[in-house]
Amino acid sequence: MAEYLSSSKKKVTAPLFFEMKKCGEKISWLTAYDYTTASLLDQAGIDTILVGDSASNVMHGNATTLPITVDEMIFHARAVARAAEHAFVVCDMPFGSYQISEEDGIRNAVRIMKEAGVDGVKLEGGAEIAPMVSKIVAAGIPVCGHLGLTPQSVHQFGGYGLRAKEEAEAEKLIADAKALEAAGCFSIVLEKIPANLAEKVSAIIKCPIIGIGAGNKCDGQVLVYADMLGMNKGFKPKFLRQYADLHSIITDAVGKYVADVKSSDFPNENESY
Ligand code: KIV
């Protein structure tokens, strides 16, 4: 087995990601929003756990990421941070927590770091948020950018389709990535953009580029854990590889439990005091 930079028992750090990019070691990210799931991902050797604002959909059943609050993100992130002995933990700054003013954004980033105990934060947006990103970085907080399909802007986009197909949007995305790099981001997520554009950005930008629906030339990949474990039956976008069918495993197991309770088969003598 290859010697992986990230495979030591030590905690993964933001500077390690730059070394991994330099050495060509791909970086693995998954989302998690609770202690038990985060422990499983950590024990399996994931490099980064993202407490994504997709918690709004996955954990709370909302149609978009917009309703989740800073308090709710801290609630999820604190549980994940407790579980992560090895993985670097990044918490999304939710919609409304950095759009009102720079001061508000910096205050909320500091609050998330202090109260959740995570290792960094992620914000959606490009050049327009770069001045705020550099102030959050100056406060000592590792910041991850997020470009392409930025779900907090879904109402502006009119849906969750592929972004930056046209030349003008692709050019803007490259300029935004350069602005985020200059502002000090330790990594940038690129969501649902053409693979050749993501390859170009990964080559130009020095910080690691983490893709989701952005092809395999990025420096790393991220998926929502519930999607890649097949917990959501209906959600199968082209970019998703499903590694398990937990929907069937869980519903079968629960169905058996219900039947055993109804028939008084559970608990049996050995399961009783
Ligand atoms: O919230 C989230 O899960 C994300 C990933 C899809 C990158 O931002």
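Residues numbered from 1 in each chain as written. Predicted model: local features only at pLDDT ≥ 70, side-chain atom pairs only at ≥ 80, totals over all residues. Heavy atoms only, no water.

Looking at the overall build of the protein
When you go through the protein residue by residue, the secondary structure sums to eleven helices and eight strands. Computed over its C-alpha atoms, the radius of gyration of the protein comes to 20 Å, within 12% of the 19 Å expected for a compact globule of 273 residues. Summarising its shape, the C-alpha atoms of the protein cover approximately 65 × 45 × 35 Å along the three principal directions. Relative to its 273 residues, the protein shows a buried fraction of 48%. Counted over contacts in the protein with a minimum sequence separation of 6, partners at least 24 positions apart contribute 57%. For the protein, the accessible area works out to roughly 13,900 Å², and carbon and sulfur atoms hold 56% of it. Averaging the locations of the 27 positively and 34 negatively charged side chains of the protein gives two centres separated by 4 Å. (Helix = DSSP H or I, 4+ residues; strand = E, 2+ residues; numbered from the N terminus. Rg over C-alpha atoms; globule rule 2.2 N^0.38 Å. Buried < 20%, exposed > 50% of the residue type's maximum accessible area, 1.4 Å probe, protein only. Contact = heavy atoms within 4.5 Å. Areas by Shrake-Rupley, 256 points an atom, 1.4 Å probe, with all protein chains shown as cover. Lys, Arg positive; Asp, Glu negative; His and termini not counted. Charge placed at Lys NZ, Arg CZ, Asp CG, Glu CD.)

Details of the pattern of salt bridges
A complete count under the given rule lists ten salt bridges for this structure. For Glu-103, the salt bridge identified is with Arg-107, shortest N-O distance 2.7 Å. Here Glu-103 and its partner Arg-107 are both found in helix 5 (residues 102-116), four residues apart, which amounts to about one turn of the helix. When the shortest N-O distance is used, the salt bridge between Asp-104 and Arg-107 registers 3.7 Å. With Asp-104 and Arg-107 both in helix 5, this residue pair falls three residues apart, about one helical turn. One salt-bridge network, held together by shared partners, links Asp-71, Arg-111 and Glu-115. (Salt bridge = Lys/Arg side-chain N within 4 Å of Asp/Glu carboxyl O.)

A word on the side chain of His-76
One can find His-76 in helix 4 (residues 70-83). You can call His-76 buried: its relative accessible area is 6%. In this view, His-76 contacts Tyr-33, Val-51, Ala-55, Met-59, His-60 and Ile-68; residues no more than four positions away in its chain are not counted.

Here we look at the UniProt feature "binding site: 3-methyl-2-oxobutanoate" (unreviewed entry) in the protein
Within this numbering scheme, the UniProt entry marks Asp-53, Ser-54, Asp-92 and Lys-122 as carrying the feature "binding site: 3-methyl-2-oxobutanoate" (unreviewed entry). For this annotated set, covering 70 residues, all C-alpha atoms fall within 12.4 Å of each other, a compact arrangement in space. Residue Ser-54 is classed as buried on the basis of its relative accessible area, which comes to 16%. The residues touching Ser-54, leaving out its near neighbours within four places in the chain, are Thr-31, Tyr-33, Met-59, Thr-65 and Val-224. Tracing the backbone through its elements, the reader meets Asp-92 in strand 3 (residues 88-92). With sequence-adjacent residues up to four places away left out, Asp-92 is seen in contact with Leu-50, Val-51, Gly-52, Asp-53, Met-73, Ile-112 and Lys-122. At a separation of 2.7 Å, a polar atom in the side chain of Asp-92 contacts the main-chain amide nitrogen of Asp-53. (UniProt positions renumbered as here; feature names shortened; annotations may be inferred. Polar contact = N/O pair within 3.5 Å; in protein donor to acceptor, adjacent residues only side chain to side chain.)

Thoughts on the sheet that holds strand 4 (residues 120-122)
Spatial ordering of the closed barrel is given by 1-2-3-4-5-6-7-8, a layout of eight strands whose pairing is parallel. Adjacent strand axes in the sheet meet at a mean angle of 25° when their direction is disregarded. Bridge analysis of strand 6 (residues 187-191) against strand 7 (residues 209-212) gives four bridges, and the strand direction is parallel. Paired with Glu-191 across the two strands is Ile-212, which belongs to strand 7. Lying on the sheet, helix 8 (residues 167-183) is in contact with strand 5 (143-148) and strand 6; it crosses strand 5 at an angle near 175°. (Pairing = 2+ DSSP bridges. Axes fitted to C-alpha atoms, helices over the stretch in contact; angles between N-to-C directions.)

Some words on the packing of helix 5 against helix 6 (residues 130-138)
For the pair helix 5 and helix 6, the least separation of the axes is 10 Å and the interaxial angle reads 35°. Like other packed secondary-structure pairs, helix 5 and helix 6 cross with a definite hand, here right-handed. Across the interface between the two elements, Glu-102, Gly-105, Ile-106 and Ala-109 of helix 5 pack against Pro-131, Met-132, Lys-135 and Ile-136 of helix 6. Within the contact of helix 5 with helix 6, the residues separate by chemical class into five nonpolar, one polar and two charged. (Left-handed = near helix turned anticlockwise from the far one by under 90°. Nonpolar A, V, L, I, M, F, W, Y, C, P; charged D, E, K, R; others polar.)

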